[in-house]
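Coordinate inspection notes
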Amino acid sequence: METKPTEISSSKMFEGYNKRYKHFSPTLGCSMTFHIYFPPSPSHKFPVLYWLSGLTCSDENFIIKSGAQRAASAEGVALIAPDTSPRGLNVEGEADSWDFGVGAGFILMLRKRSGRTGVSSISGHSMGGHGALTIYLKNLDKYKSVSAFAPIVNPTNCPWGQKAFTNYLGNEKAAWEEYDATHLISKFHNVSATILIDQGQDDKFLHDQLLPHRFEEACKSVNAPLLLRLQPGYDHSYFFISTFIDDHIRHHAQALKL
Ligand SMILES: N[C@@H](CCC(=O)N[C@@H](CSC=O)C(=O)NCC(=O)O)C(=O)O
């Protein structure tokens, strides 16, 4: 099987290019797609921001809806948006519910392709925000900064996280804590760049699934630098993300260029 990515589309935007690739993933055992936005650059060398989307998303949601390419072009930052769910495996029951299974993987780890070194940061939304925070905290030497929109910060204590962890990891709750940002911050709080989180106050998932104040309290207790911005009137959608994405790109650009 060909594991080398092949380009399947290319569209110019803000003087850079959105390129979509397909490859076979030996880890997942299926074909996967991902997008890279390449900003304009004569040297073809740029720092990278990884973006992890949420439940029900593919690699297309962020690229099509966020408008992040304008600021990425201005700051000279490449955007890498993987699909966060394996597809086509035909696992029994994989499409039984919208919030777990095909199209709705729950991130436990992210393996960078070997050979792709360089300076990178990480961000994400909702389930992908959980992924960004936990991967960052466990790999402080590999990422310069982290940010998130409406992240699931305490999955061991919310229905989305409990459903995923029970299915992936079993009933032993101590094993779940390794994938929970609110637990991890007490172990890995030697964070240099401020953690930026935007949360819409009219987000219908705020009070039962997202629980940002749990993470805020945990950060306070270990003096970890957190900027949690509660945005009045905003919901959980990409309308919210596209409103504040430029701030996140600039936040990462600053850390990536230090
Ligand atoms: N179908 C659901 C809502 C699904 C939803 O809001 N998905 C979010 C991520 S949720 C957490 O990970 C999303 O990003 N959707 C894609 C998009 O383009 O908006 C419901 O019925 O409430």
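Criteria and thresholds
Residues numbered from 1 in each chain as written. Predicted model: local features only at pLDDT ≥ 70, side-chain atom pairs only at ≥ 80, totals over all residues. Heavy atoms only, no water. Near = heavy atom within 4 Å. Polar contact = N/O pair within 3.5 Å; in protein donor to acceptor, adjacent residues only side chain to side chain. Areas by Shrake-Rupley, 256 points an atom, 1.4 Å probe, with all protein chains shown as cover. Disulfide = S-S within 2.5 Å. Buried < 20%, exposed > 50% of the residue type's maximum accessible area, 1.4 Å probe, protein only. Salt bridge = Lys/Arg side-chain N within 4 Å of Asp/Glu carboxyl O. Helix = DSSP H or I, 4+ residues; strand = E, 2+ residues; numbered from the N terminus. UniProt positions renumbered as here; feature names shortened; annotations may be inferred. Contact = heavy atoms within 4.5 Å. Phe/Tyr/Trp six-rings, centres within 6.5 Å; stacked < 30°, edge-to-face > 60°. Core = buried A, V, L, I, M, F, W, Y, C linked by side-chain atoms within 4.5 Å. Pairing = 2+ DSSP bridges. Axes fitted to C-alpha atoms, helices over the stretch in contact; angles between N-to-C directions.

**Quick notes on the site of the ligand**
- Residues in close proximity to the ligand total 15 residues, the closest being Leu55, Asn61, Lys65, Ser126 and Lys204.
- A distance of 3.5 Å is found between an oxygen atom of the ligand and a side-chain nitrogen or oxygen belonging to His125.
- Met127 is positioned with one of its backbone polar atoms (N or O) 3.0 Å from an oxygen atom of the ligand.
- In the complex, 75% of the free accessible area of the ligand, which totals 540 Å², lies under the protein chains.

**Some points on the state of the cysteines**
- Summed over the entire model, instances satisfying the criterion amount to zero disulfides.
- Distance from the sulfur of Cys57, which forms no disulfide, to the nearest cysteine sulfur (Cys158) is 16 Å.
- Take Cys219: it sits in no disulfide, and the sulfur closest to it among the cysteines is that of Cys158, at 17 Å.
- Judged by relative accessible area, which is 1%, Cys219 ranks as buried.

**So, the pattern of salt bridges**
- Counting across every chain of the model gives 11 salt bridges.
- One salt bridge connects Asp99 with Lys163, and the closest N-O pair in it is separated by 2.6 Å. Linking Asp99 in the loop between strand 5 (78–82) and strand 6 (120–125) with Lys163 in helix 4 (residues 159–169), this pair joins segments that are 64 residues apart in sequence.
- On the basis of relative accessible area, Asp99 is assigned to the buried category, the value being 13%.

**Notes on the UniProt feature "active site" (unreviewed entry) in the protein**
- In the numbering used here, UniProt assigns the "active site" (unreviewed entry) feature to Ser126, Asp203 and His236. Look at the named residues: they lie 111 residues apart in sequence, but the longest C-alpha span between them is just 10.8 Å, so in the fold they bunch up.
- Within the secondary structure layout, Ser126 lies in the loop between strand 6 and helix 3 (127–138).
- Assessed through its relative accessible area of 3%, Ser126 is described here as buried.
- For Ser126, the contacting residues outside a window of four places in its chain are Phe149, Ala150, Pro151, Ile152, Trp160, Leu210 and His236.
- Topologically, His236 is positioned in the loop between strand 9 (226–231) and helix 9 (238–256).
- Setting aside residues no more than four positions away along its own chain, His236 makes contact with His125, Ser126, Ala150, Asp203, Phe205 and Leu210.

**Section: the packing of aromatic side chains**
- If you walk through the whole model with that rule in mind, you get 15 aromatic pairs.
- Relative to Trp160, the ring of Trp98 lies with its centre 6.0 Å away and its plane at 85°, an arrangement referred to as edge-to-face. Of the two residues, Trp98 sits in the loop between strand 5 and strand 6 while Trp160 sits in helix 4, which places them 62 residues apart along the sequence.
- The buried category is assigned to Trp160, whose relative accessible area is 4%.

**Some points on the nonpolar core**
- Ranked by size, the top nonpolar core spans 69 residues in total, and within it Phe62, Ile122, Ile185 and Phe215 carry the most contacts.
- The biggest single contributor to this core is helix 9, with eight residues.
- In this structure, Phe62 is in contact with Trp51, Ser53, Gly67, Ala68, Leu79, Ala81, Tyr238 and Ile245, ignoring residues within four places of it in sequence.

**Observations regarding the sheet that holds strand 1 (residues 6–13)**
- Spatial ordering of the open sheet is given by 1-2-3-5-4-6-7-8-9, a layout of nine strands whose pairing is mixed. For this open sheet the edge positions go to strand 1 and strand 9, each flanked by a neighbour on one side alone. Across this sheet, the average inter-strand angle for adjacent strands is 15°, counted without regard to direction.
- For strand 2 (residues 16–25) and strand 3 (residues 30–38), the ladder comprises nine bridges, and the chain directions are antiparallel. Residue pairing in the sheet places His23 in a bridge with Met32 of strand 3.
- Sitting on the sheet, helix 3 is in contact with strand 4 (48–52), strand 6, strand 7 (146–149) and strand 8 (195–200), with an inclination near 150° to strand 6.

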